[in-house]
Amino acid sequence: MSAAEKLGQIVESRLAGDPKKARGWLRAGWEAENVLFHIAPHKELAPADRYLQQLMMGTMLAPLRHPEGSAMVSIFVPCEMMQEVELVPYSAEAFSCYLSASFCEGACLERAEEEGISDTLCSYHRTFLGAAEAGLLRAPKCIVYTNVTCDANLLTFRKMAEFYQVPAFYLEVPMDVSEASVTYVERQMRELKAFLEKTTGKTISESALCERVARSKTSLETFRKVQQTKADRYVPTDLVTPFYSALTANLLLGTEEEQHYVEMALQDAQNAPAKRGKHIYWMHTIPFYSQAVKDRFLFTESAQIVGDELSQVCFSDFDPSNPYRAMAKRLVTNAMNGPSRRRIQKGIDNAADAKADGVIWFNHWGCKHTLGIAELGRQQFEAAGFPTLVIDGDGCDKSKEGEGQIATRIGAFLEMLDRKEATA
Amino acid sequence: MSETPHCVHYMCRYAPLELLTAMGAEPSYLSSMPESFGDSVALLGSNICGFGKSLLDRVLAGEVEELVLTNCCDTIRSVADVIEAKKEAGELPKLKFLYFLDLPRDDGDCAVDLYAGQLLALKEAYEAYSGNRFDVKKFAAAVQVSHTQQVKPQRPYLTLLGGKAGRELHMLAVRSMPLPVQNATCAAGRTFGEALPGEEVLQDEKALFAWYAGELLRQIPCMRMQDAQGRKRLFADPNLKGILYHTVRFCDFYSFEYADVKDHAAVPILKFETDYTMSASGQLATRFDAFAEEILTRYRDTPEIFADRFRKPKEEQPMQERPAGKYYAGIDSGSASTDVVILDADKNIVTYVIRPTGAGAGGSADKALQEALEKAGLTREDLAATVATGYGRAAIETGSRSITEITCHAKGARFLDPTVRCVIDIGGQDSKVIALDEKGNVENFVMNDKCAAGTGRFLDMMARTLEMNLDEMSGRGLTYGEDITISSTCTVFAESEVVSLIAQNKSTDDIVHGLDKSVASKTALLAARVHGRGPFMMTGGVAKNAGVVKALGEKLGEPLIVSDKAQICGALGAALYAMEA
C-alpha cells in the first residue's frame, strides 16, 4: 500500500466520527507531500513542472491552513481581484482532484450520495460537496462563482453558500459572445470589486489591478508560445502536469508565480530535445490515477499528453487598461461559453499549435456538455485532420473507471497513429 | 395578410408562449415520454438526460417544424448544438424554424433587460420567417388565458415535482393516487400570468417587452435559476397532502432540491427516478400504489378529503362477498420466485410454497397456490380471502385484492418480529428499504432505480464470474485475509474488476468479501435515505447470503434480524391483509 493510500484510509476511517482529526491528517499528509516536492522533486519532470507541483500544492494547502484567507471559486472566475485582497482562490475541480489523489474521494462521494445528491452530478463537484458536508473543509471567507461553464457550478456553490453561511457573489455570463454581453459582465465585475472590498475590508488599487491584469495577458501569451515551442520538442511529462497547468492558468492567472511558471516552461521547451513519439492533445480532464492511461503516457517517450484544453480556454486579446472590461471580456469569450463550435474550434487551434498527432476527447462522467457534444467534436477534429478518440471515464471518481476498456481503446488508437505514420 | 397556423414546439417554462401566440403560432409543449430512445443515443451518448434525447429523436424523425429552445441546462445546450449542426448540413429538411433563447439565471433589472432584448429578437425572427405580424390584442388575450389558468387548487391534492415529467407519467400518477395530482415539474410548472399588463404597457412595445420579460423571469423559479427561494411556495400550501418527487437520470438540478426538502416536508414524499422513458412503468406502478396506500393510511382520520375523488379510495371499494372458508392466502409474485403462504384463523402458518415464477406471473401464481393447497390438504373453497402482491400482482386473477409488496413486506416483517423498525428487502431485481413507525405502519420507503448494483442480480453475475453458485458464494467471504474494496458501482465495471482481481491471484474469500461490502454499502445508502433505524430485519432472497447480512450489519452498526421465514415475508404480509379484508 502506498503512502497516499494509507493516508486515504486514515482520513476516510476518521471522517464520520471525528472530521477535525480527519482534516488534521489530510493536512499533515499534504504538508509532507509539499516538503517532498521541495526537497525531492520528481527527477524526470522538467524544472518548470517541478515548480508547478509546488505551486499547486501550496494553493491546495491554503484553505486547510487558513480557511479565512481563502475564497471558494468556480474554476473560470477571474481571480485577479481576489489576489489583490490577498484571498487564495481554490476550486472544486482542484480540491477534489487532490482528494482523489489522496484516496479519500470515496467517502466524500458516499457522503454526498447520503445527502441525496445524484450520482450523475460531476464527481469533482460531488466529492467537493461531500467533503464540505463531512467537515473536511472549513468555511472560506467568501464564495465567487459563475455559470461558465457548467450547471454544476450553480448547484454546488449555491449549496455551499447556504451550508457555510458566508457571503457569495454570482457572475452571470450570457451565452451570446458580443460587446453587449461584455458590458453586462463588466458591470458585475465592478460589483464584485465592491463585494470583495466589503468582505475583506481591503481596498483594491486600480493601478495594481491594471498591472495584474496586464500580467495575466502576458502569461496567456507566453503559455501559447510554450505550447508552440513544445510542438517540435520532447518534454517528459506525467498525467497531472497538463491538468495542473489548467488549474493555475485559471486560479493563479495574474500572479507573479504563474508568470514565473510560464517563463520557466518556455525556457524548458526551448532547451528540450527534438520531438519523440506521438503528441496527444487532451480534451477535458485527465484520469491521472488510471493505470491504463499511465501505461501509455506517464513519462513515456512513445507518446505524451502535450496539452489540456482547460489550460487554454482564455483568449488574451483584452485591454488591461480597463481591467474590469478586460476580465469581463475574458469570461465572455472563454472558449467554453457560447455554442460548442467555439470550444471545438479553440481545441482544434490548440492542437494545431502543439502539432498534435491525435486528440483524446475524455467524456468525464457527469459533464453533460462534454458528453453531449463529443460526437460533434470528434467529427470536427477529424475534419480538421486530427484523428480523435472519444473515451468514457471519470477524472476523479475511481469507481467509475473501466480500466480494461480504456487500455484497449488508447492502445489501439496509438497503434493506429503509428500505422498512419508508417504508411504516410 | 392571412395567417397560417404554425405549431411551435417548446420545452421550458420560460418560453414566451403568449408572444408566439400573438404571431399566429400554436405553442405545443414537447412532453411525450418515449418507450426507448432512437438515433439520439449515437449523437449525444447514453449518459445524458433522456429528455434531451427524446427531443432530439423527435426532431430527427421530422416531427418538429418549428422549435424554440432555451439554454436551460447543459443537456439542452448540447442538443441545440447538434440540431444546429444537422440543420446547417441540410439533414433536417422538415425543421423550418429553430430559435435558441439565451435565458438569464438572474431576475434582476439587468437580466430582465437582457431577456427583453432576446424576446424582441425572437419576435423579429419569427415575423420574418412566418410573415405574420405581432398583434398586441392577441398578446393581451393570450396573457389573459394564462392568467385564468393560474388557479390554486381549492381542495386537497398531491403534487408531482422535480425534473420533467411527461403526460404519460403524470397520467400514471393520476390513475394511481387517491387525490388529484398536479404536475408542477419543470416546464409543466409554468406560473406566468399572475399579473396583467396595464394599458400603458400594451401601447409601448419597449415597455411591453420589459414587462413580459420580467413576468416570465419572476415566475415560481425552476431549480436552474440563481435564486430558487421562490420554490418554497410550492411546499407551503395547506391543501398539499403529498409530494411525488421525480428526478430524471442525468438531470442533476432536482436532486439538490430533494436533498433539501426530504427532511423538512410536512407531507409524505415519494422520491423516484426515471430515465425519461416509461420502460419501467411496472416498477413505477408498484411505487405509486405503495405511496397511495401510505396516503390513505396517513389521512385515515380525515376520510372526507378523499370524498371529491372521481373514484372512491381503494379502502372503500366494495369487497367481493367473503366465502365461508377459514383460511387466508397470500401470494407474492416476484421476478424470481412466486411465494404462497396460507394462514389459519389464528394466524398460524399452515403451509407455504416457493417456486420459480417462470414465464407467466398469472399461471405461476395459480400453480403455486394449488401446490400450497394440496400440501395443506385444502381446496380453494377453504380460503376465505386471498391477497396478491409483488410485481406480477396485476396479472393474478385469483384473490380479492392486490396490495403492493412494500406494504406487505412491512406487515410480514412486523408479524415475524414486532420490534422491527426497518425492513431491508433485497430481491433478484430490486432492493428496497422500508422504514416503519412505532405502530408498524410504513413511514417511508425507497427502492433502487434502474440499476442492478446492490441487488441479487449483481451477486448472481459476480457468482458466475467466480464460477460458483449463490449458495457457495453465501458461505465464502465470512472470513477473509485482505480487506478488498470493489470500487466500481456499475455491475459491468465491477465484473471487470473481479476478473482483474482473479488475474492477480487474490483469494476467492477476499473477493467475495469485497462484493458483500459493495452490496452492503449500496443498501446502507438506501437505508440512510429513509432515515432507517434499528432493529433492522432483512428479507428477500439475499437474506440467505450470510456474507452480505454480516457486511450490512457492520455497515449499519447493528446485527440484522433474519427470520427463517425471510423469503416468504411478502406473501405472509399479504395473507395477513387477506385476514383483515
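Structure first, text after, so check above.
Residues numbered from 1 in each chain as written. Chains lettered and ligands numbered in written order. Predicted model: local features only at pLDDT ≥ 70, side-chain atom pairs only at ≥ 80, totals over all residues. Heavy atoms only, no water.

**Examining the overall build of chain B**
Piece 1. When you go through chain B residue by residue, the secondary structure sums to 19 helices and 17 strands.
Piece 2. The C-alpha radius of gyration of chain B comes to 27 Å, within 12% of the 25 Å expected for a compact globule of 581 residues.
Piece 3. With respect to the three principal axes, the spread of C-alpha positions in chain B is 85 × 65 × 40 Å.
Piece 4. Out of the 581 residues belonging to chain B, those deemed buried represent 57%.
Piece 5. Of the contacts made within chain B by residues no fewer than 6 positions apart, 69% connect residues no fewer than 24 positions apart.
Piece 6. Only carbon and sulfur atoms are counted for the fraction: they give 50% of the accessible area of chain B, which is about 23,200 Å².
Piece 7. Chain B carries 63 positive and 79 negative side-chain charges, and their two centres are separated by 2 Å. (Helix = DSSP H or I, 4+ residues; strand = E, 2+ residues; numbered from the N terminus. Rg over C-alpha atoms; globule rule 2.2 N^0.38 Å. Buried < 20%, exposed > 50% of the residue type's maximum accessible area, 1.4 Å probe, protein only. Contact = heavy atoms within 4.5 Å. Areas by Shrake-Rupley, 256 points an atom, 1.4 Å probe, with all protein chains shown as cover. Lys, Arg positive; Asp, Glu negative; His and termini not counted. Charge placed at Lys NZ, Arg CZ, Asp CG, Glu CD.)

**Thoughts on the overall build of chain A**
Piece 1. When helices and strands are counted, chain A shows 18 helices and eight strands.
Piece 2. Rg of the C-alpha trace for chain A: 20 Å, near the compact-globule value of 22 Å for 424 residues, within the 12% margin.
Piece 3. Considering chain A as a whole, with its 424 residues, one finds that 65% of them fall into the buried category.
Piece 4. As displayed, chain A has an accessible area near 14,400 Å², and 51% of this comes from carbon and sulfur atoms.
Piece 5. Of the side chains in chain A, 47 bear a positive and 56 a negative charge, and the two mean positions are spaced by 2 Å.

**A look at empty space enclosed by the protein**
Piece 1. Tallying each qualifying case throughout the model produces six cavities of 30 Å³ or more.
Piece 2. Size it by volume and the largest cavity reaches roughly 570 Å³.
Piece 3. Lining the largest cavity are 48 residues, and of these C150(A), D151(A), A152(A), K368(A) and D74(B) lie nearest its centre.
Piece 4. Secondary-structure elements contributing two or more residues to the lining of the largest cavity are helix 7 (123-134), helix 8 (151-164) and helix 16 (368-372) of chain A together with helix 3 (50-60), helix 4 (74-88) and helix 10 (253-261) of chain B.
Piece 5. Per-element accounting of the lining of the largest cavity gives the leading share, four residues, to helix 8 of chain A.
Piece 6. Classifying every residue of the lining of the largest cavity gives 28 nonpolar, 11 polar and nine charged.
Piece 7. Residues from two domains meet in the lining of the largest cavity; each of domain 1 (6-151 + 200-217) and domain 2 (157-191 + 219-306) of chain B gives at least three.
Piece 8. Estimated volume of the second largest cavity: approximately 240 Å³.
Piece 9. Lining the second largest cavity are 24 residues, with D49(A), Q227(A), K230(A), T241(A) and Y261(A) sitting closest to its centre.
Piece 10. Looking at which element gives the most residues to the lining of the second largest cavity, the answer is strand 6 (residues 303-308) of chain A, with five residues. (1 Å grid on protein atoms, 1.4 Å probe; cavity = no way out; pocket = protein on both sides within 12 Å on 5 of 7 lines; lining within 4 Å. Points joined across faces, edges and corners; volume = space filled by probe spheres on them. Nonpolar A, V, L, I, M, F, W, Y, C, P; charged D, E, K, R; others polar. Domains from an automatic or database assignment.)

**Some words on unusual backbone geometry**
Negative phi characterises most residues that are not glycine, and trans characterises most peptide bonds.
Piece 1. Put simply, V148(A) and T149(A) share a cis peptide bond, and its omega is 10°.
Piece 2. Geometrically, the link from G534(B) to P535(B) is a cis peptide bond, its omega value of 0° lying close to zero.
Piece 3. As for its placement among the helices and strands, P535(B) is situated in the loop between helix 17 (508-529) and strand 17 (536-539).
Piece 4. The phi torsion at H284(A) lies on the positive side, around 75°, for a residue other than glycine.
Piece 5. Within the secondary structure, H284(A) is located in the loop between strand 5 (278-283) and helix 13 (291-297).
Piece 6. The exposure class assigned to H284(A) is buried, which follows from its relative accessible area of 9%.

**Looking at the pattern of salt bridges**
Piece 1. Per the counting criterion, the structure on display carries 55 salt bridges over all chains.
Piece 2. Here R27(A) makes a salt bridge to E31(A), at a shortest N to O gap of 3.1 Å. In this pair, R27(A) and E31(A) are both assigned in helix 2 (residues 19-39), four residues apart and thus about one turn of the helix distant.
Piece 3. By relative accessible area, which is 21% here, E31(A) ends up partly exposed.
Piece 4. Among the salt bridges present, the one from E91(B) reaches K86(B), with a minimum N-O distance of 2.8 Å.
Piece 5. Ionic contacts of the salt-bridge type, sharing partners, join the residues E179(A), E186(A), R190(A) and R325(A) into one network. (Salt bridge = Lys/Arg side-chain N within 4 Å of Asp/Glu carboxyl O.)

**Thoughts on the packing of helix 13 (residues 405-416) of chain B against helix 19 (residues 569-580) of chain B**
Residue and element names in this part refer to chain B.
Piece 1. Relative to each other, helix 13 and helix 19 sit at 90°, their axes nearing to 7 Å. Here helix 13 is positioned roughly perpendicular relative to helix 19, judged by the angle of their axes. For the pair helix 13 and helix 19, the contacting residues are T407, C408, H409, K411, G412, A413, F415 and L416 in the first and C569, G570, L572, G573, A574, L576, Y577 and E580 in the second. (Axes fitted to C-alpha atoms, helices over the stretch in contact; angles between N-to-C directions. Parallel < 35°, antiparallel > 145°, perpendicular 65-115°, else oblique.)

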